[in-house]
Amino acid sequence: MTRYCVIGAGAAGISALEQLRKAGYDVDCYEKTDRVGGHWHTDYDALHLITSRDMTHFEDFPMPADYPHFPRRDQVRAYLESYAEANRHYDVVRFNTAVVSVIPVPTHGPVGSAGWTVALDNGEKHFYDGVLVANGHLWDQKVPRFPGEFTGKQIHSGSYRNIGDIDGDRVLVVGAGNSGCDLAADLAQHRLEVDIVIRHGVYFLPKTFFGVPRQQVGFLSEFNPEDQDLIYRLLTRVSIGEWKDYPGMPQPKHETLAGGRVVVNDLLPYWIQHGRVTVRPGISRFEGNMVTFSDGTQRTYGTILWATGFHASLPFLDESLIHRRNQVPLRYAGGIVPAGLEKLYYIGLAAPRGPQIPVYGVQTKLAIRMIALHEAAGEGGAGVQA
């Protein structure tokens, strides 16, 4: 009898578990912590969804109607736990059990076509016909290096919880993605003096148009994606202006939202205009508590808050099996199939601009179609990548 493995019980893992079980497959799920929900237990306190409640949910399991349009971290965590409980996933997930290796069964065919051996931290080893990797990509913190040494406090956004983690009253936030801008605004709202490094121009979008979450503005669905892009930019220009309206903000090099980075945040521009946040260029070097920037200016800080992202790490896979481009694993078919590997699927190893939770179920359904092809083909599989 065929059997499948899911690694991780975060939002992606429990979504994969649900779709596999609904399709009638025997499946084991391993979670190294004692809970479902992944990073939603450990993210910063000020975190809210940037996509709306009514667009960000599992299939046939909406978020509670009394949630706000943009639920906060603990509400999303409770929602994930309620989903796992409603679908009896707690009976299936093996908690406090880490996967230490996922090794392809030796074969003369394509790597992985004979299945995979999964080893656990308790010494157990199990054979699986396929493995769905949902270990998440927001845990292996990335911190760049610069000449010199900064002697103040340094903390990564993945470890930051609230302003109690900050030393001093002047903070440098490095990184202008959604998290970095969130954290800069959070610090400013607590009356700290905040600088933020923004090396490349980005488009800022508000969460709502006309008081309605962006994705739910009805008339926008009548337009094609290119026209929607233009309308979004025009509405944003009316509501929060452009880069040139904010001191120090670099101009985006891309002309459309689809062409480059977008940040969903209108609080950061607000605090820039109120003087609580100052935009800085790239870092040149450190000396004690002093930071020298690429334009030659210098300033001292009590804390540097690194919002510089995460490595896409798969510690249980031999790195020689992972084909990467720009340090990110290469994958095909909706971000699911690893280059060069059969019968192993990435679920959630992506960062779509829209709601993420619904994507996990769609990815798993596509993986299930591939699983069916492999099973129908018999020994050696279907050669999905052939």
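In the block above lies the structure referred to throughout.
What you see is a predicted model; the values in this text were computed from it and never measured. (Residues numbered from 1 in each chain as written. Predicted model: local features only at pLDDT ≥ 70, side-chain atom pairs only at ≥ 80, totals over all residues. Heavy atoms only, no water.)

Participant: How should the side chain of Asp28 be read in this particular structure?
Facilitator: Tracing the chain through its elements places Asp28 in strand β2 (residues 27-30). Residue class for Asp28 comes out buried when judged on its relative accessible area of 17%. Once you skip the residues sitting within four places of it in the chain, Asp28 turns out to touch Arg3, Tyr4, Cys5, Val6 and Tyr128. (Helix = DSSP H or I, 4+ residues; strand = E, 2+ residues; numbered from the N terminus. Buried < 20%, exposed > 50% of the residue type's maximum accessible area, 1.4 Å probe, protein only. Contact = heavy atoms within 4.5 Å.)

Participant: When you look at the sheet that holds strand β3 (residues 93-94) in this model, what are you seeing that I'm missing?
Facilitator: One open sheet holds the 5 strands; their spatial order is β3-β2-β1-β7-β26, and the pairing between them is parallel. Of all strands in the sheet, those bounded by a partner on one side alone are β3 and β26 (344-346). Bridge analysis of strand β7 (residues 130-133) against β26 gives 3 bridges, and the strand direction is parallel. Paired with Val133 across the bridge in β26 is Tyr346. (Pairing = 2+ DSSP bridges.)

Participant: Sorry if this is basic, but what is going on with the environment of Gly112 here?
Facilitator: Within the fold, Gly112 resides in the loop between β4 (99-104) and β5 (116-120). In this structure, the C-alpha to C-alpha distance between Gly112 and Lys142, residues 30 residues apart in sequence, is 30 Å. Ignoring anything within four residues of it in the chain, the contact list for Gly112 reads Pro104, Glu342 and Lys343.

Participant: For this particular structure, what's the right way to read unusual backbone geometry?
Facilitator: Note: most peptide bonds trans; most residues except glycine with negative phi. A positive phi is found at Arg191, a non-glycine position, where the angle reads about 70°. Within the element layout of this structure, Arg191 appears in the loop between α3 (178-189) and β11 (193-197). You will see that Ala333, though not glycine, has its phi angle at about 55°, which is positive. With respect to the helices and strands, Ala333 occurs in the loop between β24 (331-332) and β25 (337-338). Exposure remark for Ala333: the relative accessible area of 36% places this residue in the partly exposed category.

Participant: Which parts of the structure should I look at to understand the packing of helix α1 (residues 11-22) against helix α2 (residues 73-86)?
Facilitator: Packed helices, taken two at a time, are described by the angle between their axes plus the distance between the axes. Here α1 crosses α2 at 20°, and the two axes come no closer than 11 Å. Taken together, the axes of α1 and α2 lie roughly parallel to each other. Once α1 is placed against α2, the crossing between them reads as left-handed. Only Leu80, Tyr83 and Ala84 of α2 make contact with α1, whose side of the interface consists of Ala11, Ile14 and Glu18. Taken together, the residues of the contact of α1 with α2 break down into 5 nonpolar, no polar and 1 charged. (Axes fitted to C-alpha atoms, helices over the stretch in contact; angles between N-to-C directions. Parallel < 35°, antiparallel > 145°, perpendicular 65-115°, else oblique. Left-handed = near helix turned anticlockwise from the far one by under 90°. Nonpolar A, V, L, I, M, F, W, Y, C, P; charged D, E, K, R; others polar.)

Participant: Explain the packing of aromatic side chains here, please?
Facilitator: Within a pair of aromatic rings, the relevant descriptors are the distance that separates the centres and the angle that separates the planes. A complete count under the given rule lists 15 aromatic pairs for this structure. An aromatic cluster is present here, built from Phe58, Phe61, Tyr79 and Tyr83 joined pairwise through their rings. Over the aromatic face of Trp139 sits the side chain of Lys32, whose NZ or CZ is 5.1 Å from the ring centroid. Its guanidinium or amino end placed over the ring of Phe70, Lys207 lies 5.0 Å from that ring's centre, counting from NZ or CZ. (Phe/Tyr/Trp six-rings, centres within 6.5 Å; stacked < 30°, edge-to-face > 60°. Lys NZ or Arg CZ within 6 Å of the ring centre and 35° of its normal.)

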